[in-house]
Structures are given as structure tokens and as C-alpha cells.
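# Commentary on secondary and tertiary structure
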Amino acid sequence: INDFDPNNFYTDDYSIMENSSYFTDYPEIYQAEQLYIEAKSAYETELNPKKAFEILKQASSLDNKNAAYSFVEGILALKSGYFSAATKSFKRCTSLKSQHYKLLGYYYQGRILADRAKNNEAKQYFEKVLAQADPIEEAPLLNAVKTALNKSQGRLPYKLNTDTLAIFMPEADMVQY
């Protein structure tokens, strides 16, 4: 806009500008983002993790390279009691580019196994986190892994209290590749 006039901004043709190229050029990613917003609303305003999970599954299928969608889908699956679906979501996280979500995927796969008293299998996932995590950037995760390793020794399950899982969904337009 070369001849911008602030006095006539609201009445001139350029008063409303729209970036239509995003949803024109990337319709599936755009639709996934809209579904993410809908899932966020279902979880935060309706307090319905099962509905949010079902919606987020759709978003993840449309934008299957977005590790954040896969991770939140896994947490919502856990909160809904769908442990095998959560395992699939967390496994998907470990195959994507984001190192942080990859480590979280390993951690939660381990926690699901420890919840089922499959502690030797769980230990393998926890050890992957210990081997790959940056000690500064991932300090809270490393502390959680050390706690899980300590509490999942022996034959007893280390129960995963899904009621205490917090989901942080501020980034309705977040893309994490």
C-alpha cells in the first residue's frame, strides 16, 4: 500500500485485508488448526476430554506432522481412559522431528507401561529420555523420569493419575514440526 492515508483507513478499499493464501494454499493444515481450536473449546469450556480427544484425532489426521497435536491427543486420550489410543499418539510423537515431543512421547509410553506393571519395558523408554534429553532444557522431564524409574522398580504398578494431568493448550495456531 503506497498511498496509505490514516484519515481514510476505514472507508478505503484496503481497510480490510485478508490473508487468504494460508487456507487456500494449505487447506488441510488450516482445517486441522480450526479443529484444534474446537478441541480446545471442548476441553476448556465444556470440560469434556472425550469430545476434545475425538476432535483432536481429526486434526492430527489432517496435519500428521504436527507433534503438538499428537501429544495433546495422547494426553486427552489418557484423561478419557483410552490408554491404547494414547500409546499410539505418543508413539507418533517419537517419529516426528520435534525433540521435545519425542522425549515426552517416550516418557508417556513408559508411564503407561509402568501403570500396567510392565516395569522392565517402561524402563527402556525412560532410559531413552535419559540418553537423549538436554540436561538444562529438559530438567523437569528428567526429574519426572528419575521419579518414574525409582517408583516403577519391582513388580508393582506405578499408577498414572490421569486426573492430575494438566493440558496447556494456549497455542491455537501453534505449528510444531
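Residues numbered from 1 in each chain as written. Predicted model: local features only at pLDDT ≥ 70, side-chain atom pairs only at ≥ 80, totals over all residues. Heavy atoms only, no water.

### What about the packing of helix α3 (residues 49-62) against helix α4 (residues 67-79)?
Direction vectors running N to C along α3 and α4 enclose 150°, while the axes themselves pass 9 Å from each other. One element, α3, and the other, α4, form an angle in the roughly antiparallel class. Crossing of α3 against α4: the hand is left-handed. Mapping the contact onto sequence places Pro49, Ala52, Phe53, Leu56, Lys57, Ala59 and Ser60 in α3 and Tyr69, Ser70, Val72, Glu73, Leu76, Ala77 and Lys79 in α4. Here the residues of the contact of α3 with α4 sort into nine nonpolar, two polar and three charged. (Axes fitted to C-alpha atoms, helices over the stretch in contact; angles between N-to-C directions. Helix = DSSP H or I, 4+ residues; strand = E, 2+ residues; numbered from the N terminus. Parallel < 35°, antiparallel > 145°, perpendicular 65-115°, else oblique. Left-handed = near helix turned anticlockwise from the far one by under 90°. Contact = heavy atoms within 4.5 Å. Nonpolar A, V, L, I, M, F, W, Y, C, P; charged D, E, K, R; others polar.)

### Looking at unusual backbone geometry
With a phi angle near 55°, Leu47 is a residue other than glycine that sits in the positive phi range. Within the secondary structure layout, Leu47 lies in the loop between α2 (27-44) and α3. Residue classification places Leu47 among the exposed residues on the basis of a relative accessible area of 67%. Of note, the phi angle at Ala117 is positive, near 65°, even though the residue is not glycine. Position of Ala117 among the secondary structure elements: in the loop between α6 (99-115) and α7 (119-132). (Buried < 20%, exposed > 50% of the residue type's maximum accessible area, 1.4 Å probe, protein only.)

### Concerning α7
The α-helix winds at 3.6 residues per turn, so residues separated by three or four positions along the chain end up facing the same way. Given a rise of 1.5 Å per residue, 14 residues ought to cover 20 Å, and the 20 Å separating the end C-alpha atoms of α7 matches this to within 8%. Within the sequence span of α7, burial applies to Asn119, Ala122, Phe126 and Val129. Projected onto a plane normal to the axis of α7, the buried residues spread over an arc of 70° and lie on a single side. Among the exposed residues of α7, those oriented more than 90 degrees off its buried face are Asn120, Gln124 and Ala131. (Expected span 1.5 Å × (residues − 1). Arc of directions from axis to C-beta.)

### Points about the packing of α4 against α6
Their axes nearest at 10 Å, the elements α4 and α6 cross at an angle of 20°. Relative to α6, α4 is oriented roughly parallel. Here α4 and α6 pass one another in a crossing that is left-handed. In contact with Ala67, Ala68, Phe71, Ile75 and Leu78 of α4, α6 contributes Tyr101, Leu104, Tyr108 and Ile112. Looking at side-chain class alone, the contact of α4 with α6 contains nine nonpolar, no polar and no charged residues.

### Structural notes on the nonpolar core
The biggest cluster of nonpolar side chains holds 47 residues, and the ones touching the most others in it are Phe71, Leu78, Tyr108 and Val129. Among the elements of the structure, α2, α3, α4, α5 (83-93), α6, α7 and α8 (139-151) are those that each provide at least two residues to this core. Leaving out residues up to four positions away in the same chain, Tyr108 has contacts with Phe71, Ile75, Leu78, Phe90 and Leu165. (Core = buried A, V, L, I, M, F, W, Y, C linked by side-chain atoms within 4.5 Å.)

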